[in-house]
Amino acid sequence: MRYFNYRHEHSSMGIDVTSYINEFIKELKCLIEIEGLDVYRDALGVVIDFKNKYPDIRAIGQNILRDLISPENIEYAFKNPNSYKEDASKIGLAFQKDLYKIFELEDNLSKLAEKKFEEMTPFEQIENGGEFMVVGHASYQLPGVSNNPNYRKNQKEYVSCSLFSNNELNTFMDNKIVYLSGVTEDNFISASHFDVVTRETRHPSIHSLKEIETDDGKEYIDIGFTHDMDKFALSIATPKVVERLSLEREKGLDSSLTNEIVLLRNKTISNKALLVADETDLLIDEFMVLKSNGVEFKCINRGLYKEQRDEERYDKSKLQDLEQRLSMIGRYDRRALEDYYKSVVLKMKYSDDILEKINNSFSKYIDINIGKEPEQL
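None of the values given here were measured: they were computed from a predicted structure.

Engineer: Any chance you could break down the overall build of the protein for me, citing the residues and the numbers?
Structural biologist: Looking only at helices and strands, the protein has twelve helices and ten strands in total. By principal-axis analysis of the C-alpha atoms, the protein measures approximately 90 × 45 × 35 Å. Residues classed as buried in the protein amount to 51% of the 377 residues present. Carbon and sulfur atoms form 47% of the exposed surface of the protein, whose accessible area is close to 18,700 Å². Taking the average location of the 51 positive side-chain charges in the protein and that of its 67 negative ones, the two points are 2 Å from each other.

Engineer: Could you give an account of helix H8 (residues 284-292), with specific residues and numbers?
Structural biologist: The complete set of buried residues in H8 reads Ile284, Glu286, Phe287, Val289 and Leu290. On its buried side, H8 packs onto strand S3 (177-180), strand S9 (272-277), strand S10 (296-301), helix H11 (334-348) and helix H12 (352-362).

Engineer: Please provide a residue-by-residue account of the layout of surface pockets, values included.
Structural biologist: Unfilled space is identified by rolling a water-sized probe across the atoms. The volume enclosed by the largest pocket comes to roughly 370 Å³. When the residues that make up the lining of the largest pocket are grouped by side-chain class, the tally is three nonpolar, three polar and eleven charged.

Engineer: Talk me through the side chain of Asp278; I want residue IDs and the actual numbers.
Structural biologist: Within the secondary structure layout, Asp278 lies in the loop between S9 and H8. A relative accessible area of 19% places Asp278 in the buried class. Sequence-distant contacts of Asp278, defined by excluding residues within four places in its chain, comprise Asn301, Arg302, Lys306 and Met348.

Engineer: How would you explain a nonpolar patch on the surface if you had to name every residue and give the values?
Structural biologist: Taken together, the side chains of Leu65, Ile69, Ile74 and Phe78 present a nonpolar region at the surface, about 400 Å² in accessible area. With respect to the helices and strands, the residue Ile69 is situated in the loop between helix H4 (57-68) and helix H5 (71-79).

Engineer: Tell me about empty space enclosed by the protein, and please be specific about residues and values.
Structural biologist: If you walk through the whole model with that rule in mind, you get one cavity of 30 Å³ or more. Empty space within the largest cavity amounts to approximately 30 Å³. In this structure, the largest cavity is lined by Phe4, Glu9, Ser12, Met13, Asp16, Val17 and Ile206. At three residues, helix H2 (residues 13-35) tops the list of elements feeding residues into the lining of the largest cavity. Here the lining of the largest cavity is built from residues that sort into four nonpolar, one polar and two charged.

Engineer: Give a detailed account of unusual backbone geometry, specifying residues and quantitative values.
Structural biologist: Excluding glycine, most residues fall at negative phi; most peptide bonds, likewise, are trans. Of note in the backbone geometry, Asp310 takes a positive phi value of approximately 60 degrees without being a glycine. Take Asp310: it is sitting in the loop between helix H9 (302-308) and helix H10 (319-326). The backbone of Lys349 shows a phi angle near 55 degrees, a positive value even though the residue is not glycine. Relative to the helices and strands, Lys349 is located in the loop between H11 and H12.

Engineer: Give me the lowdown on H4, citing residues and values where you can.
Structural biologist: An ideal rise of 1.5 Å per residue puts 16 Å on twelve residues; H4 measures up with 17 Å between its terminal C-alpha atoms. Among the residues of H4, Ile57, Ile60, Gly61, Ile64 and Leu68 are the ones counted as buried. End-on view of H4: buried residues confined to an arc of 100 degrees, all on one side of the axis. Looking at the buried side of H4, the elements it contacts are helix H1 (6-9), H2, helix H3 (38-53), H5 and helix H6 (90-117).

Engineer: Can you explain the environment of Leu257? Please cite residues and give values.
Structural biologist: Turning to its location among the elements, Leu257 is positioned in the loop between helix H7 (239-250) and strand S8 (260-264). The spacing of Leu257 and Thr171 is 86 residues in sequence and 7.8 Å in space, taken between C-alpha atoms. Among residues more than four places away in sequence, those in contact with Leu257 are Asn170, Phe172, Asp195, Arg249 and Glu250.

Engineer: Which residues make up the packing of aromatic side chains, and what values do they have?
Structural biologist: This model, assessed by the stated rule, comprises 14 aromatic pairs. Relative to Tyr54, the ring of Phe50 has its centre 5.1 Å away and its plane inclined at 50 degrees; by these criteria the two rings are tilted. The exposure class assigned to Phe50 is buried, which follows from its relative accessible area of 5%. Given the relative accessible area of 5%, Tyr54 is considered buried. A cation over a ring is seen here: Lys298 above Phe123, with NZ or CZ 5.1 Å from the ring centre. The aromatic ring of Tyr314 is capped on one face by Lys316, whose charged end is 5.3 Å from the ring centroid.

Engineer: Hey, could you go over the pairing of S8 for me, with residue numbers and the actual values?
Structural biologist: Of all five residues that make up S8, five are buried, and the element is covered over most of its length. Of the two faces of S8, the one lined by Glu260, Val262 and Leu264 and the one lined by Ile261 and Leu263 are each fully buried. Here strand S2 (residues 158-165) pairs with S8 via four bridges, running antiparallel. Paired with Tyr158 across the strands is Leu264, a residue of S8. By the bridge criterion, four bridges tie strand S4 (residues 188-192) to S8 in an arrangement that is antiparallel. When the bridges of S8 are listed, Ser192 appears paired with Glu260.

Cut-offs and rules
Residues numbered from 1 in each chain as written. Predicted model: local features only at pLDDT ≥ 70, side-chain atom pairs only at ≥ 80, totals over all residues. Heavy atoms only, no water. Helix = DSSP H or I, 4+ residues; strand = E, 2+ residues; numbered from the N terminus. Buried < 20%, exposed > 50% of the residue type's maximum accessible area, 1.4 Å probe, protein only. Areas by Shrake-Rupley, 256 points an atom, 1.4 Å probe, with all protein chains shown as cover. Lys, Arg positive; Asp, Glu negative; His and termini not counted. Charge placed at Lys NZ, Arg CZ, Asp CG, Glu CD. Contact = heavy atoms within 4.5 Å. 1 Å grid on protein atoms, 1.4 Å probe; cavity = no way out; pocket = protein on both sides within 12 Å on 5 of 7 lines; lining within 4 Å. Points joined across faces, edges and corners; volume = space filled by probe spheres on them. Nonpolar A, V, L, I, M, F, W, Y, C, P; charged D, E, K, R; others polar. Patch = residues over 30% accessible without salt bridge, like charges linked within 9 Å, V, L, I, M, F, W, Y side chains within 5 Å. Salt bridge = Lys/Arg side-chain N within 4 Å of Asp/Glu carboxyl O. Expected span 1.5 Å × (residues − 1). Arc of directions from axis to C-beta. Phe/Tyr/Trp six-rings, centres within 6.5 Å; stacked < 30°, edge-to-face > 60°. Lys NZ or Arg CZ within 6 Å of the ring centre and 35° of its normal. Pairing = 2+ DSSP bridges.

As structure tokens, then:
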């Protein structure tokens, strides 16, 4: 659970608590619209009541400060260094108790969100061009999670993933490989529609969403921007809410980054992947990485989904880059090109003009009819 102590955090509560409450209300409204459950309507009423009770949180912080510097409290602090009585500020104590009720509410709603994240599209049901929704870690290399050979105990206790779907195909740093990650009650920490700042700390705060025991004692995983009025990372959003708000964000100025799902690293497993790419991307190197690690994968061609939205399948300005890369495929051996052609080219469902360019290059080195079904010949 989050941590808040009015005696120590009165100076920043105007920003942190305000942005927390505003984000809570925003996500609850979206949850009501998408999930339609009474529990979200009831929760919205509770959070709005809190906001109405404390319309000016910055002023509350100033009142707390005045209480803390009263002669009585200053005298107590001198006698008890770095300490105040629990009720040094009556309004501060009441505010803190009310805020912890909101923290408890978030914890309960987080359990509902986690259950929804367990219902991702099974790998076997994912089809290129079809509907799907998954959680994965976008990276060139294997993610260091518990079942992979590059997992180390001295890594960060969390792993950052994102939600991907037939509507949301934006990957972090435009990485082409998405290593699918299962979400469970043991590893789910948070779900945000924007890119968050995650960090480990020895000191709990309002941003703390996970407490963990380490060899050196307790640590806390803090998630979200500090002192940012416009962003606050919560744990209540279901997959459809993350998708909706992520897409809305990308329509604005904040379109270069992705949504973020934070999982506990040592409880996370990843053994399948997606190749998510544009039609003008040549994916031989990514294919080699997946093959060398023995990772089963499926292809997702963004062009198919653009076409479904009546958009151009690809950016014609990228054709020159594709042609340049195709001119260099002779550096790969024949077996590698054959494997790539069967595993990726035939699965990407390229448009006719892109496929023609690929075939013109590959036919110089391999029999491009190899592995094709009769209807593809």
